[in-house]
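Structure assessment
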Amino acid sequence: MITVEEAANIVLENVRTLPTKETDIRDALGFCLAQDVRSDLDMPPFNKSAMDGYAVIAEDTAGAPVELEVVENIAAGYMPTKRLKRGQASKIMTGAALPEGADAVVKVEETHTSEDSKRVLVHKRIEKGKNVSRRGEDIKAGQVALAKGTELRPQEIGILAAIGQRIVLVFSAPRIGVISTGSELVEVTSKPMAGQIRDSNSYSIVAQAKQLHTEVEFLGMVPDDKVDITNIIKRGLNKDVLILSGGVSMGEYDLVGDVLSELGVEIYFKKVALRPGKPTVFGKKGNTIIFALPGNPVATLVTFILFVGPAIRKMMGFASPINIPIKATMETELIKKKKRREYLPAQLRQNVGNWLVFPVEWHGSGDLFSTTKANCLLIVPETVDRFDAGQLVDVLLFNSLGIGHGCKG
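Each chain has its residues counted from 1, running along the sequence as written. Per-residue local features of the predicted model are confined to residues with pLDDT of at least 70, and side-chain atom pairs are confined, for both listing and counting, to 80 or more; whole-chain, interface and lining totals are unaffected and use all residues. Hydrogen atoms and water are omitted, and side-chain values are computed over all heavy atoms in the structure.

**Structural notes on the pairing of strand β9 (residues 119-122)**
In this scheme, a residue with accessible area under 20% of its type's maximum is buried, one over 50% is exposed, and one in between is partly exposed, where area comes from a 1.4 Å probe on protein chains only. Helix numbering and strand numbering both begin at the N terminus, where a helix is a DSSP run of H or I of at least 4 residues and a strand a DSSP run of E of at least 2. Burial along β9 is one-sided: V120 and V122 are buried, and none of R119 and L121, which face the opposite way, are. Pairing between strands is defined by DSSP: at least two bridges between them are needed. In this sheet, β9 lies alongside strand β5 (residues 66-74) in antiparallel orientation, the contact comprising four bridges. Bridge assignment links L68 to a residue of β9, and that residue is V120. Sheet topology places strand β8 (residues 111-113) next to β9; three bridges connect them, and they run antiparallel. Considered in β9, the bridge of T113 is made with V120. Between β8 and β9, which pair antiparallel one after the other, the connecting turn spans five residues, and S117 there sits at a positive phi close to 60°.

Rendered as structure tokens:
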């Protein structure tokens, strides 16, 4: 039985980054850029006002309060037509181009306009350059706006639009197949009979994969029958990633491992020293990587976070695909029951700038309901027997899948 770190390293060593593809930026969220993208213009493209107010010559306000002549009203989207002279001001809207001669903008709250709108009283002295966004201060034309390997979040999508880059080159997302195994499983729309349960794993696995912006296909649900399992796995071996749940323990009807071996899948590990998720299988055939995850739903959730998610992120070009734990302070005492590393559903909250965490009530790896009350996994190392209240611990956020990670340079 290998450690979590050993298993994660084996997975990443056997995963390749996928080829690149062109995509419209409307469909690029969550992907990694596979090219440097340069700006086609200065940003801002002209000196502009950062406030609603009055464009002025700063030196005119030295003796504030001071009254100035209003010579023009400049709206966003229109270029000014008059150059400011000493003693003059132009009313200006946020984002509008600064008139020639002006070197500052007074906020409208710091002025009083005459009834005929031809004069403005400036109450305070203003410094040169105040409330002005200078041409090219964000980026110059020809400069790299977004580097190869940048993760495309909403703000990066906005930048691509601003510089006219409608089509971009990104690393592809893997094609993923999902299979649920187990004679006890019934469809979601069916009422379970004695000894049966509804198939929830395929839905949670598909949802986790979709969080990573992948192409996911549910291939089906099969009973514990060797022929049926063989046939459906054969269909899944044309995917980049094949994920199965169930059938990987040591029981008489746990057939997945044997079928994978008979189909020529090279198995790299079958057990990992963790709870929940010990009977986790990882293998590879050709360019397809295969994960056979435990059937208990919390174990499926945890092993996806630890192994499947990082594999997918590496395929999509992420340079640091492993989820990075954050530090938090235990709010309660915890006594460990097992010698394996544990990942317990927990609730993380912030208090006066500090992260605090406590484990939620959990009844074992079949208790998926507990995870709905949790927003993280509390990591309890193999070498730890207990945590005391006030002790600093590591936690993994549920929502850290593919969010905020750096990508390949």
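Moving on, there is more to tell.
**Side note on the confidence of the model for the protein**
Summarising the model, the protein shows a mean pLDDT of 93, and 97% of its residues fall at 70 or more. What pLDDT expresses is the predictor's confidence in each residue, scored from 0 to 100. Working rule for contacts: check all heavy atoms of both residues, and any pair within 4.5 Å makes them a contact. Below a pLDDT of 50 lies the segment residues 401-406, which in the model reaches 23 contacts outside its immediate sequence neighbourhood of four places, other chains included.

**Description of the sheet that holds strand β4 (residues 53-56)**
Strand order across the open sheet formed by six strands is β7-β4-β6-β5-β9-β8, with mixed pairing between neighbours. Two strands in the sheet have a free side with no partner beyond their single neighbour: β7 (104-107) and β8. Taken over all neighbouring pairs, the strand axes of this sheet differ in orientation by 35° on average, direction set aside. Comment: axis = line fitted to C-alpha atoms, over the contacting stretch for helices; angle = value between 0 and 180 degrees taken between N-to-C directions.

**Section: the environment of V120**
Looking at where V120 falls in the secondary structure, it is placed in strand β9. Between the C-alpha atom of V120 and that of G264, which follows or precedes it by 144 residues, the distance is 83 Å. Residue contacts for V120: discarding those within four places in its chain leaves Y54, V66, E67, L68, V70, A89, T111, H112 and T113.

**Concerning the packing of helix α3 (residues 201-211) against helix α6 (residues 297-315)**
Their axes nearest at 10 Å, the elements α3 and α6 cross at an angle of 20°. Classified by the angle their axes make, α3 and α6 are roughly parallel. Between α3 and α6 lies a crossing of right-handed hand. Between α3 and α6, the residues in contact are N201, I205, Q208 and A209 and P297, T300, L301, F304 and I305, respectively. For the contact of α3 with α6, the residue count by class is six nonpolar, three polar and no charged. When an angle is under 35 degrees it counts as roughly parallel; over 145 it counts as roughly antiparallel; between 65 and 115 it counts as roughly perpendicular; any other value is oblique. Crossings are assigned a handedness: left-handed for a near helix turned anticlockwise from the far helix by less than a right angle, right-handed for a clockwise turn. Nonpolar residues are Ala, Val, Leu, Ile, Met, Phe, Trp, Tyr, Cys and Pro. Charged residues are Asp, Glu, Lys and Arg, and all others, Gly as well, are polar.

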